[in-house]
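# Overview (structure and organization)
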Amino acid sequence: MRLIITRSGLESAQLAAEAIRTALVQKPDMTLGLATGSTPIPVYQALVDAYQQGRADFSRIHAVNLDEYVGLSPDHPQSYRRYMEENLFRPVGIRPEQVVIPRGDLEPEGELVRLNQFTAAHPIDLQLLSVGVNGHIGFNEPESVFYDKYHLVSLAQQTRISNARFFSSMEEVPTQAITMGVGDIMRAGKIVFLATGQEKLPAMQAILEPGPVTPACQGTVLKLHRDCDIYLDQELAGQITPAPEVEVIRVGAAKEVLL
Ligand code: F6R
């Protein structure tokens, strides 16, 4: 696990986008695992900029998403499909046939078969990831076990409260989701992870500081990933004492020393 300490959330997003762009240049037909929520938005903006400047070509990738709310159709304003279309797919020319996102409006059992067939045939090369206040990755909520593959989950009340900001009332926030399992996330060749905001501190401490790998904080499983880069701004990182096995890189440190 590497902790890359940046000077701002924006710098974290730009570096994460550059890591994705580099992987794309190396493997233009990669399977790219994607996330939604507030955190990745500046990453997608940086990728759209790179596309517009002719520095990124998404025409041959498969794009697979972590999760989707059960009950929302793909064109619902708060569906993750719609979010992806607006923030990345349309602006960079990713076509519907390249995309695999759970359908929240279809019968979940059939969806799970479709999704798990896809990930079995297309291992994820790089997974973009963030974390929930309660340590969830994807919608793998605090539990007594880790799940391997895509599955149906009941959303934690904490998650529904956090995400209520996107809906007009708490009642509208879905109670269930389909999420990729922790096993699929762990099988990704590389993980590019970022978090911002004080409310993510306890989860990031559990992930980066010495302590157990526990399904009570699902993100702690990343301690075992062989190639996981975590981008945190210095404000958040300054409150964390990473475990000795975490390699720490401080962006701009060499320059600061020279000055
Ligand atoms: C999104 C996802 C979630 C979010 C997490 C943080 O696809 O799987 O795990 O990454 O809830 O969301 P934000 O970035 O909105 O704080």
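Just above, that's the structure.
Quick summary incoming for the structure in this document. Values in this document were obtained by computation on a predicted structure and should not be read as measured data. (Residues numbered from 1 in each chain as written. Predicted model: local features only at pLDDT ≥ 70, side-chain atom pairs only at ≥ 80, totals over all residues. Heavy atoms only, no water.)

### Considerations on the overall build of the chain
Within the chain, the regular secondary structure consists of 9 helices and 11 strands. The C-alpha radius of gyration computed for the chain amounts to 18 Å, which stays within 12% of the reference 18 Å derived for 259 residues, consistent with globular compactness. Across its three principal directions, the C-alpha atoms of the chain cover 60 × 45 × 35 Å. For the chain, the exposed area adds up to about 11500 Å²; of that, 53% sits on carbon and sulfur atoms. Charge separation in the chain, taken as the distance between the mean sites of 22 positive and 31 negative side-chain charges, equals 5 Å. (Helix = DSSP H or I, 4+ residues; strand = E, 2+ residues; numbered from the N terminus. Rg over C-alpha atoms; globule rule 2.2 N^0.38 Å. Areas by Shrake-Rupley, 256 points an atom, 1.4 Å probe, with all protein chains shown as cover. Lys, Arg positive; Asp, Glu negative; His and termini not counted. Charge placed at Lys NZ, Arg CZ, Asp CG, Glu CD.)

### So, the sheet that holds strand β4 (residues 67-69)
Two modes of strand pairing occur in sheets, parallel and antiparallel, and in both the strands are linked by backbone hydrogen bonds. Spatially, β4-β8-β7 is the arrangement adopted by the 3 strands of the open sheet, whose pairing is antiparallel. The sheet is open, and its two borders are formed by β4 and β7 (151-154), each paired with just one other strand. Taken over all neighbouring pairs, the strand axes of this sheet differ in orientation by 25° on average, direction set aside. Summarising the sheet, β4 and strand β8 (residues 176-179) pair through 3 bridges and their orientation is antiparallel. Looking at β8, one finds that Tyr69 is bridged to Ala177. Packing against the sheet, helix α4 (residues 108-121) makes contact with β7 and β8, and its axis sits at approximately 20° to β8. (Pairing = 2+ DSSP bridges. Axes fitted to C-alpha atoms, helices over the stretch in contact; angles between N-to-C directions. Contact = heavy atoms within 4.5 Å.)

### Description of the pattern of salt bridges
Under the counting rule described, the total for this entry stands at 15 salt bridges. Residue Arg21 pairs with Glu18 through a salt bridge whose shortest N-O separation is 2.9 Å. With Arg21 and Glu18 both in helix α1 (residues 9-26) and 3 residues apart, this pair spans about one turn of that helix. Classification of Arg21 as buried rests on a relative accessible area of 17%. Residue Glu18 is classed as partly exposed on the basis of its relative accessible area of 31%. Overlapping salt bridges bring together Arg2, Lys190, Asp227 and Asp229 as one network. (Salt bridge = Lys/Arg side-chain N within 4 Å of Asp/Glu carboxyl O. Buried < 20%, exposed > 50% of the residue type's maximum accessible area, 1.4 Å probe, protein only.)

### Side note on the layout of surface pockets
Volume-wise, the largest pocket comes out at about 480 Å³. As for the largest pocket, its lining consists of 26 residues, of which Gly37, Val131, Gly132, His136 and Lys200 are closest to the centre. Tallied by class, residues from the lining of the largest pocket come to 8 nonpolar, 14 polar and 4 charged. Looking at which element gives the most residues to the lining of the second largest pocket, the answer is helix α3 (residues 80-92), with 4 residues. Considering only residue class, the lining of the second largest pocket consists of 6 nonpolar, 5 polar and 1 charged. (1 Å grid on protein atoms, 1.4 Å probe; cavity = no way out; pocket = protein on both sides within 12 Å on 5 of 7 lines; lining within 4 Å. Points joined across faces, edges and corners; volume = space filled by probe spheres on them. Nonpolar A, V, L, I, M, F, W, Y, C, P; charged D, E, K, R; others polar.)

### With respect to the site of the ligand
Around the ligand there are 14 residues in total, and Thr36, Thr39, Asp67, His136 and Lys200 lie nearest to it. The side chain of Thr36 places a nitrogen or oxygen atom 2.7 Å from an oxygen atom of the ligand. At 3.0 Å, a side-chain N or O of Arg165 approaches an oxygen atom of the ligand. Its residues placed into classes, the shell around the ligand shows 3 nonpolar, 8 polar and 3 charged. (Near = heavy atom within 4 Å. Polar contact = N/O pair within 3.5 Å; in protein donor to acceptor, adjacent residues only side chain to side chain.)

### Points about a nonpolar patch on the surface
Judged by side-chain polarity, Phe146, Val213 and Leu224 come together as a nonpolar surface patch covering roughly 250 Å² of accessible area. When you line up the elements, Phe146 lands in the loop between β6 (126-129) and β7. Overall, Phe146 belongs to the partly exposed group, its relative accessible area being 32%. (Patch = residues over 30% accessible without salt bridge, like charges linked within 9 Å, V, L, I, M, F, W, Y side chains within 5 Å.)

### Notes on the nonpolar core
Phe193, Met204, Leu208, Leu222, Ile230 and Leu232 are the most contacted members of the largest nonpolar core, which totals 39 residues. Setting aside residues up to four positions removed in sequence, Leu232 forms contacts with Leu3, Ile4, Ile5, Thr6, Ser12, Ala195, Met204, Leu208, Ala237 and Ile240. Counting residues in hydrophobic clusters, the runner-up holds 35 residues, among them Ala23, Tyr44, Val99 and Leu128. (Core = buried A, V, L, I, M, F, W, Y, C linked by side-chain atoms within 4.5 Å.)

### Some thoughts on the sheet that holds strand β9 (residues 190-195)
Taken in spatial order, the 8 strands of this open sheet run β5-β3-β2-β6-β9-β10-β1-β11, and their pairing is parallel. Single-partner strands in this sheet number two, and they are β5 (99-100) and β11 (247-250). Summarising the sheet, β6 and β9 pair through 4 bridges and their orientation is parallel. By the bridge assignment, Leu126 is partnered in β9 with Lys190.

### Structural notes on the pairing of β9
With 6 of 6 residues buried, β9 lies mostly within the body of the structure. Of the two faces of β9, the one carrying Lys190, Val192 and Leu194 and the one carrying Ile191, Phe193 and Ala195 are both buried. Looking at chain direction, β9 and strand β10 (residues 228-233) are connected through 5 bridges and run parallel. Looking at β10, one finds that Val192 is bridged to Asp229.

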